[in-house]
Amino acid sequence: MKWLKSEIDQDLVRSIAKRYGIDLLKATIMVRRNLTSPGQILYFLEEDLRHLRNPFLFHGMEDAVDRILSAAEEGEKVLVFGDSDTDGVTATTIMVEALGEVGISASWKVPEGEEPYGLSAQAVDSFAAEGGSLIITVDCGISNHEEVARAAGFGIDVIICDHHKLQASEPPAALAVIDPKLDDCGYTFRDLAGAGVAFKLATALRLGRTALYKQPSALLWLGSEPSPEDRGPERVRIEARRLRNLIPSQSFQRVLEPGSSETSEVLESLASFLSGRSVFVYGLEEAKKLFFLLFGRSADLEAYDLCPEAWAAFPELAGLGIGEAGSALGIDRYTDAEPNPLDTMQGIFSALAYQRAGVGQGLSAEHLQLAALGTIADLMPLKDENRLIVRRGTALMGGSPRKGLRELFRALGIGPGLNATEVAWQVTPLINAAGRMGKPGIALGLLMEEDSALREKAALELQAVNAERKRLGSESWEAIYPLAGQSFRDRDSRCVIVGSQAVKPGITGLIASKLAAAFKVPALVAAFKADGSIVGSVRSPGEFKVGGLLAACSRFFIDYGGHDAAAGFSLKAEDWGEFVRAAEAYLDRADYSPTEECVNVDAELPHSYLKPGIQEICKAFEPYGEDNRPIVFLAKGVPIADAQIVGKAAKSHLKLTLDFGAHKWPALLWDGAERLERDFSFTSRDRLDVLFKVTMNRWNGEERPQLELFDLRKAGSE
């Protein structure tokens, strides 16, 4: 294992620490992780939901909201069609419940048994026979061109709410397509989960039920400023911004001296810019004072003052001017541009609109929990607003879990305070298991059923399904591992490709993940089904992006999709041989070769830093997951106070007590028993250099910090 500790700019560390009011250790970690821009740092420091992007940035969002509100008004039949994995199940639940908020009792459908991924012709036909008129897909749909066209033939509108990459030249001809992976979608963050996109549509629906929806609005600010070189009277800066659904469209800027010859022209231009719009100011009395100074009392300024509502909602703003309010809300901290009063006003205006719409409250808070689950389960990068979704969602789960999760947590013995890593290991696999075993209805029943007794039953059923999946996985592993080893050797140790009837369709991803971890190369596992079709999964252990492999072989697939590290596909059995040859050819050309594992060090700690409270530094960078690994610390020359070999069955783990002077820390190296007296000696009192993360050991209701070692070596042996 290579230990990599990059050199960093210490001046930049000090600058970030000062600007954002954080300690030097946090700033060091940020710089070493290349988290240096204001936009990146925002999502590591802030937790307020006002920092979530506006859902109406999606170009198709307004059309989707209008169509759904129309369906509610006309009492139409609506179908939500999702996917069967955790992301699809949570997205389906969010959408069905959000439709319920606007008065639509929607039906839902996800693939059951061995039904293929995505909207099916059979589902369209059945819904048409029921007299349905609107289908909303979630976590799928972007590849269903034929099915969307089929729906149109029945007079059924389709709204696609997906997050997968478009594999064709054009998206399906749906009424609205909401997918952050589309190049021209308007949304600037591409990595939302399917449940995250559903949460955006649900949020847009809540905003769509307020008086601000599609209301022509404008923000207006007037402020005095000195004349150039302090000559002559003060001037007044006038700035205005048009908004539609809280999104800026056009701006107006002028600087005017009282009594200027341009007064009439500026007043006419400003009146035209604001015409037909609800105008909002921050501090009506001061705005009118400057307005009348410029244009005289015969001019009329009709505007709404944001201050009373803003000060009630955010008491920390009470009595503050616009500049002070920007600092109090931190709006000017996360931009490299000069502070602009209209940016502050827009931040306040949007926050008030979200509050009026109940975003993050009530059912919206429950949907945030589901969006967090889907994001974690689908291995979405925990950066940008995904961090905010997961951080707030897991906090809500740990404090007041929604229905379904409450019963599942009780069955699993999960208490308060869980984090994203624990959700990934303990919760999402059970919900995923239902879909993988062809029984996603259990998971959907858990989350949507109103009867708590039925939810408790579903929680127990999920545990049973997960146990069955593990059993099948173990049986399949025994059959597949020898084939995988032969494949690895036959393909010059560059990849593993195996297909067999011994693998059940629902566990190809599980087996592929284990093979990728075992052989440290891309692994492709396929299940040969009785109907003559093949379904498979691809997993990557490192930087290799499986999407390129599948795109290169797309001509063979019935369907495929996924993400950089994990993807799935289906094809006809007769195409298997040609597909394997094409995959091998691609992998031979790919710039990928297994390399020694490398660990990037975030910070080297003096011994005095290892004291109670160091875990708070680590918590500041949570949630951990895809694209945000746990903080890795390095400490050198650490004395060993105790060393033990531990383990429940085979004693294969190494447990150390490390002496950092004022404090001693328990430390664990998994499968590290053989390192004792081979790589270092406790009896000889060797000192160690250790690479570690700080974790919490929960046992018998107690929680204690410990060090989990990535690697160790005798001090001075590097």
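Here's what I pulled together on the structure shown here. No experiment lies behind these values; they were computed from the predicted model shown.

Rules behind the numbers
- Residues numbered from 1 in each chain as written.
- Predicted model: local features only at pLDDT ≥ 70, side-chain atom pairs only at ≥ 80, totals over all residues.
- Heavy atoms only, no water.
- Helix = DSSP H or I, 4+ residues; strand = E, 2+ residues; numbered from the N terminus.
- Rg over C-alpha atoms; globule rule 2.2 N^0.38 Å.
- Buried < 20%, exposed > 50% of the residue type's maximum accessible area, 1.4 Å probe, protein only.
- Areas by Shrake-Rupley, 256 points an atom, 1.4 Å probe, with all protein chains shown as cover.
- Lys, Arg positive; Asp, Glu negative; His and termini not counted.
- Charge placed at Lys NZ, Arg CZ, Asp CG, Glu CD.
- Contact = heavy atoms within 4.5 Å.
- 1 Å grid on protein atoms, 1.4 Å probe; cavity = no way out; pocket = protein on both sides within 12 Å on 5 of 7 lines; lining within 4 Å.
- Points joined across faces, edges and corners; volume = space filled by probe spheres on them.
- Nonpolar A, V, L, I, M, F, W, Y, C, P; charged D, E, K, R; others polar.
- Axes fitted to C-alpha atoms, helices over the stretch in contact; angles between N-to-C directions.
- Parallel < 35°, antiparallel > 145°, perpendicular 65-115°, else oblique.

### Some points on the overall build of the protein
Okay, so step 1: Broken down by element type, the protein carries 23 helices and 23 strands.
Okay, so step 2: Against the 2.2 N^0.38 benchmark of 27 Å for 718 residues, the protein shows a C-alpha radius of gyration of 29 Å, consistent with a compact globule.
Okay, so step 3: Out of the 718 residues in the protein, the part that is buried amounts to 53%.
Okay, so step 4: By element, 48% of the accessible surface of the protein is carried by carbon and sulfur atoms, the whole surface being about 31,800 Å².
Okay, so step 5: With 79 positive and 101 negative side-chain charges, the protein shows a separation of 5 Å between the mean positions of the two kinds.

### A short note on the side chain of His 51
Okay, so step 1: With respect to the helices and strands, the residue His 51 is situated in the loop between α3 (38–45) and α4 (61–74).
Okay, so step 2: Once residues within four sequence positions are removed from consideration, His 51 is found in contact with Leu 42, Tyr 43, Glu 46 and Leu 388.

### Considerations on the layout of surface pockets
Okay, so step 1: Roughly 820 Å³ of internal volume is contained in the second largest pocket.
Okay, so step 2: Considering the residues around the second largest pocket, the lining is formed by 24 residues, among which Arg 50, His 51, Leu 52, Gln 346 and Gly 347 are closest to the centre.
Okay, so step 3: Residue assignment for the lining of the second largest pocket shows that the elements contributing at least two residues are α3, β9 (247–256) and α13 (341–357).
Okay, so step 4: No other element matches α13, which puts 6 residues into the lining of the second largest pocket.
Okay, so step 5: Of the residues assigned to the lining of the second largest pocket, the class counts are 11 nonpolar, 9 polar and 4 charged.

### Some words on the packing of helix α9 (residues 263–274) against helix α10 (residues 284–295)
The relative placement of two packed helices comes down to the angle between their axes together with the axis-to-axis distance.
Okay, so step 1: Contact geometry for α9 and α10: axes closest at 10 Å, N-to-C directions at 135°. The orientation of α9 with respect to α10, classified from their angle, is oblique. On α10, the residues that touch Thr 263, Val 266, Leu 267 and Leu 270 of α9 are Phe 291, Leu 294 and Phe 295.
Okay, so step 2: Residues belonging to the contact of α9 with α10 are distributed by class as follows: 6 nonpolar, 1 polar and no charged.

Honestly, that's just the spatial picture; any functional story needs more than this.
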